[in-house]
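# Understanding the architecture of this molecule
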Amino acid sequence: LLGASGAINLVARLARKPVTQGIMLGLGFSFMLEGLRAMQANWPLAAAAFALALLLLDNQRVPAMLALLVLGVAGAAFTPSAAWQALGAAVGFRLPQFALGQITGAAAVQGILFLALPQLPLTLGNAVIGIVAENNSLFPHRRLSEREVAVSTGIMNLVAPFWGGVPMCHGAGGMAGHVRFGARTGGALVILGSLLVVLALFFGQGIAVLFALFPRAVLGTILFFAGTELALTAWHHPPDRQQAGVTLITAAVTVWNAGAAFLLGIIMLWALEKGRIRL
C-alpha cells in the first residue's frame, strides 16, 4: 500500500500543469468527436437536440438535461414496438447475486493481463490526473489529491466484483457533463445514484434494451457538450510558446491514447527545461 501510494505521489509530481492541461484538453476533444459520431445516427434529431441544448444550457428554470431526456424519450417512442415488448418482458424486481465464486482463476489472470494492465495508463491519465485537475479547477474550495482519487477508485473496483459489477472510475468526462448541465453539489450524484439503483433492481434483465431504445443522436449531443465543458475548463493560455506546444501536442496524442500522451508530455517538458529541444 505504501509503495502504491508513493507511486501515485510520484505520478502527481510529474504531471505538471502543461501536461495535465493537455490531457484534459485532449479528452475534451475526444469526447466531442465521439459525440459527433453518435450524432450521425440521426442528424435531424441531433440538430434538434443541439439547438435545444444551446438555448437552455444557462436557463435556470428549464434544465437542459431534462429537456434533452424528454426529447430522447419522445424519439424512442418511434422505436419499433418489438423492442418495447422485449423491455416489458424483462421488467421485474431482482436482487444482485454474489458473483465472486463464478470467477475462475484463468478468468482472473486474463482480466489482469488483458484488461486491467492495458487500462492502467488511461486510468491514471483520465480517471486520476485528469479528474483531480478538473475538480481543483472547478471547485478550488474542495480540492482533491491524486492519492485520494486512486484509493477511492481502488475501493470501488475491489467491492464491485463481489456483485458482478464492471470496472468503474471517476472519469473527467462524467464530471464535465454534470457541471455543464447544471450540477454543482453532491446532491446531483445522490439523485443519479438513486436512479441507477432503481434501474438495476427493476430493469436489470432489460437494461441493454432500455439503453438501446434511447436515441444515440441525443446521447451524442450530451457527450459533445460534456467534452466542450472539459476542454474549456482545461484551456488557460500557457505563459510561453514552449509550454503551449507541450500542451497542444499532449492534447493531440491524448485523443489517441491518454497514457502515451502523459509519458510524452513529461518527456517533452523535461527536454525543454534541459534545452534539448525547442518547439
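### Considerations on the overall build of the chain
Helices and strands together make up the secondary structure of the chain, namely 13 helices and zero strands. Here the chain holds 279 residues, and the buried ones make up 36% of them. Relative to all contacts within the chain whose residues are 6 or more apart in sequence, the contacts with residues 24 or more apart total 74%. Element-wise, carbon and sulfur atoms account for 70% of the exposed surface of the chain, whose accessible area totals about 16,200 Å².

### Some points on the environment of T250
With respect to the secondary-structure elements, T250 resides in helix α12 (residues 241-256). Look past the residues within four positions of T250 in its chain and what remains in contact with it is V19, G22, I23, A261 and G265. At 2.7 Å, the side chain of T250 and the backbone oxygen of V246 are in polar contact.

### Considering the side chain of E134
Following the sequence through the fold, E134 ends up in helix α6 (residues 105-138). Take E134: its relative accessible area is 0%, and that puts it in the buried class. Ignoring anything within four residues of it in the chain, the contact list for E134 reads M24, A172, M175, A176, L230 and T233.

### A short note on helix α13 (residues 258-273)
For an α-helix, 3.6 residues make a turn, and residues three or four places apart therefore share a direction. Taking 1.5 Å per residue as the helical rise, α13 with its 16 residues ought to reach 22 Å, and the 23 Å between its terminal C-alpha atoms agrees with that figure. Directly beyond the C-terminal end of α13, a positive phi value near 75 degrees is found at G275.

### Observations concerning the nonpolar core
If you look at the biggest cluster of nonpolar residues, it comprises 26 residues, and the most contacted ones within it are L27, I131, L230 and F262. Sorting the residues of this core by element identifies α2 (17-39), α6, α8 (172-180), α11 (216-234), α12 and α13 as the ones contributing at least two each. By size, the runner-up hydrophobic cluster in this structure holds 18 residues, among which are L45, A53, F181 and I222.

### Structural notes on the packing of α8 against α11
Contact geometry of α8 with α11 gives a least axis separation of 8 Å together with a crossing angle of 100 degrees. Looking at the two axes, α8 sits roughly perpendicular to α11. Contact with α8, carried on its side by A172, G173, A176, G177, V179 and R180, involves F225, A226, E229 and L230 of α11 and no other residues of that element. Looking at the contact of α8 with α11, its residues break down into six nonpolar, two polar and two charged.

### Let's talk about the packing of α12 against α13
α13 packs onto α12 with a crossing angle of 160 degrees between their chain directions and a minimal axis gap of 7 Å. Here α12 is positioned roughly antiparallel relative to α13, judged by the angle of their axes. Note that α12 runs across α13; the crossing there is right-handed. On α13, the residues touching Q242, V246, I249, T250, V253, T254 and W256 of α12 are A258, A260, A261, L264, G265, M268, L269 and L272. Its residues placed into classes, the contact of α12 with α13 shows 11 nonpolar, four polar and no charged.

About the criteria used
Residues numbered from 1 in each chain as written. Predicted model: local features only at pLDDT ≥ 70, side-chain atom pairs only at ≥ 80, totals over all residues. Heavy atoms only, no water. Helix = DSSP H or I, 4+ residues; strand = E, 2+ residues; numbered from the N terminus. Buried < 20%, exposed > 50% of the residue type's maximum accessible area, 1.4 Å probe, protein only. Contact = heavy atoms within 4.5 Å. Areas by Shrake-Rupley, 256 points an atom, 1.4 Å probe, with all protein chains shown as cover. Polar contact = N/O pair within 3.5 Å; in protein donor to acceptor, adjacent residues only side chain to side chain. Expected span 1.5 Å × (residues − 1). Core = buried A, V, L, I, M, F, W, Y, C linked by side-chain atoms within 4.5 Å. Axes fitted to C-alpha atoms, helices over the stretch in contact; angles between N-to-C directions. Parallel < 35°, antiparallel > 145°, perpendicular 65-115°, else oblique. Nonpolar A, V, L, I, M, F, W, Y, C, P; charged D, E, K, R; others polar. Left-handed = near helix turned anticlockwise from the far one by under 90°.

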